[in-house]
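Now for the letters of each chain:
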Amino acid sequence: MRAFILLSTMAMAMVASATSLTGPRALVILDNLDDTDAYMNLWTDLQERQYNITLRDTSSPMELSKYDQRHYDHLLILSPKMKDYPKGMSAKSIVAFVADGGNVLVAGSPEMGSTLRELSREFDVEYDNRYTTVLDHFNYDQNLGNKHHDAIVVNPATYMSKAGEAIVPQDQLPGPILFRGIAHSVNPANSLLNSVLWAPSEAYSWENVNLDDPADQDPSLSGKDISLVSVMQARNNARVAFLGSTEMLTDAFFEASPKKHGDKETISGNRKFIEELTKWTFQEKSVLDVVAVQHHKVGEEEAPAHYRIKDNMTYTISIAEYHDGEWHPFSADDVQLELIMLDPYIRKTLDQVPLDDQSTVGTFTTTLQLPDQYGVFKFTVNYKRAGLTYVESVTTVGIHPFRHDQYPRFISQAKPYYTSAASMGVGLLVFSFVYLWGGLETSVKTTKKA
Amino acid sequence: MEDIKSASNHLVASYIKETPKSLKLIDSYMVYILLTGIIQFVYVTIAGTFPNNAFLAGFISTVASFILAANLRIQTNPKNASQFPTTSPERAFADFLACNVVLHFAVANFLG
């Protein structure tokens with residue numbers, strides 16, 4: 001029996017190690033189940049990464065969670081045309097799903113209805129008006145977008161966020177990215193949101209009906225203001241991705257050979273891009289975990305019950321990064337330690353201990369002198385970087401003042417004061433002695449005689 | 001100028017002649033305390049107030065000793081006897097000693 005439990009635990013551990021940290025259950029909502037065949041490569045890729053995919057169309061009722069238990073770990077909404085949410089689901093329930101730790105991928109299209117706009121607005125993402133498309137007369141694809149210049153070829157080296165390396169590393173893409181769909185904009189003030197891919201500088205967003213009519217006003221969005229793909233990581237580390245195009249996930253775009261006017265044919269980077277994007281969104285990579293926090297006085301090994309002001313101490317934090325189904329050491333040069341009591345008293349960048357073959361975690365350490373201030377302090381590592389899980393580690397420690405016997409007893413500078421106090425005592429004794437036994441004519445007698 | 005000189009001469013002469021010896025002893029004790037206090041005050045202006053507690057203890061011990069001595073002098077002065085009908089000079093001296101004991105406990109406590 002025990003062996004069976006052990007085996008099943010191991011099997012579960014193996015399955016878990018190969019996939020997303022949230023879980024394998026993925027729900028896909030399509031406008032119509034007939035669309036299933038258009039995404040065969042996507043399903044294959046996801047199933048290779050051990051996902052259990054449930055396909056539904058918008059007409060079937062479904063519940064994301066019941067009795068506070070999520071039925072799914074991931075939600076892919078590939079149904080931009082839906083007029084109403086499926087029975088049992090709403091924008092609110094999807095937000096609740098994210099708040100509960102579920103990951104969501106939303107793909108729009110020019111036919112996108114108000115349901116998904118309502119959802120995206122919850123995340124500070126604003127899609128452009130219905131029936132608008134991103135157009136580009138310079139970067140359109142010769143095969144797919146020849147007629148309307150709506151299938152655009154985006155060069156990842158130029159139009160992908162450098163800060164998004166943790167999300168989609170651009171040097172791993174075999175070629176440019178093909179996109180045909182709607183523009184969206186992200187609220188730049190929202191620090192949880194990051195644009196991963198934006199439109200070429202020459203692109204603009206325009207109504208896709210009556211394209212031959214002359215344009216009589218400026219487009220609402222153009223150039224780099226247009227986000228094509230953006231992501232949000234909520235404060236609970238749940239991840240949400242917004243795409244402007246369902247087509248960029250299809251086999252047709254995965255297998256296309258993008259060719260800009262006057263350029264050679266290239267290999268579409270879409271498949272790799274979507275693979276990396278879904279890996280990120282579904283918590284398969286760039287997930288950080290604090291493995292251990294240690295602190296002790298210099299020259300000691302154990303954490304003391306409390307420190308004393310001005311103690312020299314060492315703080316060490318170990319962080320692991322999850323990717324490719326395993327935990328690896330995390331490397332960075334900008335992890336900072338803060339020593340806080342209401343205000344930060346000390347803020348110091350931690351040094352990474354050099355990694356070797358045996359390293360399983362990235363270890364960051366520093367030695368510092370505690371401030372000349374006693375109280376309850378927090379050792380805080382508050383490491384929030386685009387694309388990486390938010391790391392917030394708080395250790396509360398007490399810093400005591402010197403005890404009365406830890407001060408120097410006699411200070412040479414104060415010797416005149418000690419001498420004075422002693423001389424006052426001696427002076428009193430001498431004075432009293434002379435006053436009492438000095439054979440003085442006492443005032444009493446004088447008074448009485450007088 | 002002459003007046004001042006003669007007045008001060010007269011003052012010194014009458015002090016030596018008319019003041020009881022016990023009061024002269026108290027006066028010399030007070031001068032000694034005053035000088036000790038002045039030396040400390042000069043020292044603190046030169047060396048700074050660190051350690052402040054030791055300075056306060058040392059300086060306050062001189063100030064308080066001076067005040068106690070002054071009180072003793074007032075209470076044992078025969079010319080003030082009418083104002084202290086219930087306080088004999090022996091009683092005044094005992095009060096003086098008791099106050100000094102309390103003072104020096106406090107000073108020693110505050111000194112280091």
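Residues numbered from 1 in each chain as written. Chains lettered and ligands numbered in written order. Predicted model: local features only at pLDDT ≥ 70, side-chain atom pairs only at ≥ 80, totals over all residues. Heavy atoms only, no water.

**Student:** Would you explain unusual backbone geometry in this entry?
**Tutor:** Glycine aside, residues mostly have negative phi angles, and peptide bonds mostly take the trans form. Of note, the bond from Phe50 of chain B into Pro51 of chain B is cis; its omega dihedral lies within 30 degrees of zero at -10 degrees. Here the phi dihedral of His149 of chain A falls at roughly 60 degrees; this positive angle occurs in a residue that is not glycine. Its place among the elements puts His149 of chain A in the loop between strand 8 (132–135) and strand 9 (152–154). A positive phi angle, near 65 degrees, is found at Leu342 of chain A, a position not held by glycine. You can see Leu342 of chain A is positioned in the loop between strand 20 (336–341) and strand 21 (343–349). Residue Leu342 of chain A is classed as exposed on the basis of its relative accessible area, which comes to 85%. (Helix = DSSP H or I, 4+ residues; strand = E, 2+ residues; numbered from the N terminus. Buried < 20%, exposed > 50% of the residue type's maximum accessible area, 1.4 Å probe, protein only.)

**Student:** It is not clear to me how the interface of chain B and chain A should be interpreted in this structure. Could you clarify?
**Tutor:** Frequently, the measure chosen for interface size is the accessible area that the parts lose on association. Of the residues lining the interface, 35 residues belong to chain B; the matching set on chain A comes to 24 residues. Each partner contributes to the roughly 2,700 Å² buried at the junction of chain B and chain A, and carbon and sulfur atoms together form 74% of this total. By the criterion of area lost to chain A, the three top residues of chain B are Leu25, Tyr43 and Phe93 of chain B, representing 20% of everything that side buries. There are 0 salt bridges connecting chain B and chain A. On the surface where chain B and chain A come into contact, there are 6 residue pairs in polar contact (both at pLDDT 80 or more). (Contact = heavy atoms within 4.5 Å. Buried area = accessible area lost by both parts, 1.4 Å probe. Salt bridge = Lys/Arg side-chain N within 4 Å of Asp/Glu carboxyl O. Polar contact = N/O pair within 3.5 Å; in protein donor to acceptor, adjacent residues only side chain to side chain.)

**Student:** Hey, could you run me through the UniProt feature "transmembrane region" (unreviewed entry) in chain A in this one?
**Tutor:** In the numbering used here, UniProt assigns the feature "transmembrane region" (unreviewed entry) to residues 417–440 of chain A. Between the end C-alpha atoms of residues 417–440 of chain A there is a gap of 32 Å, over a span that is 88% helix and 0% strand. (UniProt positions renumbered as here; feature names shortened; annotations may be inferred.)

**Student:** What is the right way to look at the side chain of Ser268 of chain A in this model?
**Tutor:** Residues and elements named next belong to chain A. Among the secondary structure elements, Ser268 is positioned in the loop between helix 6 (251–254) and helix 7 (270–281). Among the residues examined, Ser268 registers a relative accessible area of 4% and is labelled buried. Separated by 3.1 Å, the side chain of Ser268 and the backbone nitrogen of Asn270 make a polar contact. Dropping the residues within four chain positions of it, Ser268 is found in contact with Pro174, Pro176, Phe253, Phe254, Ala256 and Pro258.

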